[in-house]
Amino acid sequence: MVDYITSVYETVVEKNPAQKEFHQAVKEVLESLRPAIEKHPEFKQHKILERIVEPERQVIFRVPWVDDKGEIHVNRGMRIQFNSAIGPYKGGIRFHPTVYEGIIKFLGFEQIFKNALTGLPMGGGKGGADFDPKGKSETEIMRFCQAFMLELFRHVGPDTDVPAGDIGVGTREIGYMFGVYKKIRNEFTGVLTGKGLEWGGSLVRTEATGYGVTYFAAEMLKVKNMDFKDKIVMISGSGNVAQYAVQKVTQLGGKVITVSDSDGTVYDPDGIDAKKLEYILELKNVKRGRIKEYADHFGGNIQYLPGRRPWRIGTHVDVAMPCATQNELDLEDARTLVNNGVKVVCEGANMPTTLDATDYLIKNGVAFGPGKAANAGGVATSGLEMAQNSQRLSWTWEEVDAKLKNIMVNIHRTAYETAQKYGYPGNYVVGANIAGFLKVAKAMIAQGVV
Ligand code: NDP
Ligand code: 2IT
């Protein structure tokens, strides 16, 4: 049995050389599936692991565009359609200079299990481009998004593949891509989620990932007979996920003392209240400035720590929520967090914690909420947006928020109970991976060798 899992992993490394993030994501999932593979010999017989690590389709394309000075640029775009066993491919698009196949493949692979956990009929996919939105004008952003969709449109559709946002892609970019899709196809359909509220978007989608990860962390605290009231919380990032995690944690009575961006961290020992968050929303979503400006603006006890991440600030912390990017919390960070009293680490970002840091946290009794369970609120609410688009209806804020909360509570319960059932009580990594996998694996067997 050991040989089966190891040999599948080794083949992945061999066939996808130099894609280290993809290797990491596959390793984490395969290792934790061991008890399920032992219990269900049919998965090996049907070669489910070999099939699930191979994307159904990968499209890589040229994205040529013209900047404001008339100069031509060429970026590389891609869409990886990983698994459609339980529904149309679904997952975000990332625009960041670090994007390459290894990143999009790790994200697409994670998305398969995450989407299965939501209980909604969505397969897994991911896309992106090595485009850097920083410093680009509004018209340059528009032209790039248009150029990207000018190729992507032929590979997606409301019943085929439904992209959404991720790093560097929010409502603005979704709007420019939607405009091109609608024009070329002459169709107003739910081909993308995260749309604006006036043109088919869902209430709560913007807030959903940040709210969802906070609802998930609240459930983890509940297992420990605790809640967010007066808890000290460190959050990284200051983008879409971080912003609404700050908001919901604060609403639940927690005190958020950090946010960050790729240049550095802000440490605000007095806590980021609703008014200060308003400043961050304006700074990041309208002015598109740097988080350092928060420290300059509010002054007082606030410190700006250039080049640093939040985790090694030497102060007491109850809950840590990494909400920026992959591998942003390493072993040394985990050690510091444990020394400073952390009880819950809950991932808003995708794979923000390195494998050795994850092991260390779990071994030291920290409740660890893996991204594919904890940050599923974003894609779940995308699923709710698809449902509303199909119905030609818009649900109220209360309706969508209640459904989101219910989904997060269910994912928590499923991961918790599955971990217990397979002999790893309290291990949400094992629970989430096995629960997501079982659903997809059963669907793949039912649909034959395709
Ligand atoms: P945004 O682009 O809105 O924000 C990203 C934030 O992370 C920014 O503060 C950014 O700083 C920071 N960041 C990005 N790259 C790096 C890096 N290499 N090092 C340090 N900081 C970095 O993206 P989102 O908030 O949407 O996404 C954040 C994470 O959440 C990602 O892992 C994403 O995959 C995940 N996620 C997003 C969902 C969504 O619905 N949007 C759903 C589920 C997960 P800077 O501005 O300096 O680049
Ligand atoms: O990582 C993710 O789950 C997302 N970026 C959201 C995907 C979606 O389709 O809403």
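First, a word on what this report is: a plain description of the structure on this page. (Residues numbered from 1 in each chain as written. Chains lettered and ligands numbered in written order. Predicted model: local features only at pLDDT ≥ 70, side-chain atom pairs only at ≥ 80, totals over all residues. Heavy atoms only, no water.)

This next bit is on the overall build of the protein. Scanning the protein from terminus to terminus reveals 17 helices and twelve strands. In terms of overall size, the protein behaves like a compact globule, its C-alpha atoms giving a radius of gyration of 21 Å where 450 residues would be expected to give roughly 22 Å. Reported as C-alpha extents along the three principal axes, the dimensions of the protein are approximately 65 × 55 × 45 Å. Of the contacts formed within the protein by residues at least 6 apart in sequence, a portion of 72% connects residues at least 24 apart. In the form shown here, the protein has an accessible surface area of approximately 18,000 Å², with 51% of it arising from carbon and sulfur atoms. When the 55 positive and 53 negative side-chain charges of the protein are each reduced to one mean point, those points stand 2 Å apart. (Helix = DSSP H or I, 4+ residues; strand = E, 2+ residues; numbered from the N terminus. Rg over C-alpha atoms; globule rule 2.2 N^0.38 Å. Contact = heavy atoms within 4.5 Å. Areas by Shrake-Rupley, 256 points an atom, 1.4 Å probe, with all protein chains shown as cover. Lys, Arg positive; Asp, Glu negative; His and termini not counted. Charge placed at Lys NZ, Arg CZ, Asp CG, Glu CD.)

A word on the sheet that holds strand β1 (residues 57–66). Taking strand neighbours across the sheet as the criterion, the five strands line up as β1-β2-β4-β3-β5 in an open arrangement whose pairing is mixed. Either end of the sheet is taken by a strand with one partner, and the two such strands are β1 and β5 (161–164). Strand-to-strand, the axes of this sheet are offset by a mean angle of 20°, without reference to chain direction. Pairing of β1 with strand β2 (residues 72–83), which is carried by ten bridges, proceeds in the antiparallel orientation. (Pairing = 2+ DSSP bridges. Axes fitted to C-alpha atoms, helices over the stretch in contact; angles between N-to-C directions.)

The next point concerns the nonpolar core. Judged by nonpolar contacts, the single largest core of 58 residues is most densely connected at Phe216, Ile235, Met321 and Cys346. For this core, the element with the most residues is helix α8 (residues 205–223), which contributes eight residues. The residues contacting Met321, other than those within four sequence positions of it, are Val213, Thr214, Phe228, Val233, Met234, Ile235, Ser236, Ala245, Val249, Trp311 and Cys346. (Core = buried A, V, L, I, M, F, W, Y, C linked by side-chain atoms within 4.5 Å. Buried < 20%, exposed > 50% of the residue type's maximum accessible area, 1.4 Å probe, protein only.)

Turning our attention to the site of ligand 1. By nearness alone, 25 residues border ligand 1, and Asp166, Thr209, Ser262, Arg290 and Asn350 come closest of all. For ligand 1, an oxygen atom lies 3.0 Å from a polar atom in the backbone of Ser238. Contact distances for ligand 1 include 2.4 Å between an oxygen atom and a side-chain N or O atom of Ser262. For ligand 1, the protein covers 83% of the area, taking 890 Å² as the surface of the free molecule. The set of elements that each furnish at least two residues to the shell around ligand 1 consists of α8, α9 (240–251) and β7 (255–261). Among the residues making up the shell around ligand 1, the classes are represented as five nonpolar, 13 polar and seven charged. (Near = heavy atom within 4 Å. Polar contact = N/O pair within 3.5 Å; in protein donor to acceptor, adjacent residues only side chain to side chain. Nonpolar A, V, L, I, M, F, W, Y, C, P; charged D, E, K, R; others polar.)

The values reported here are purely geometric and, on their own, carry no functional implication.
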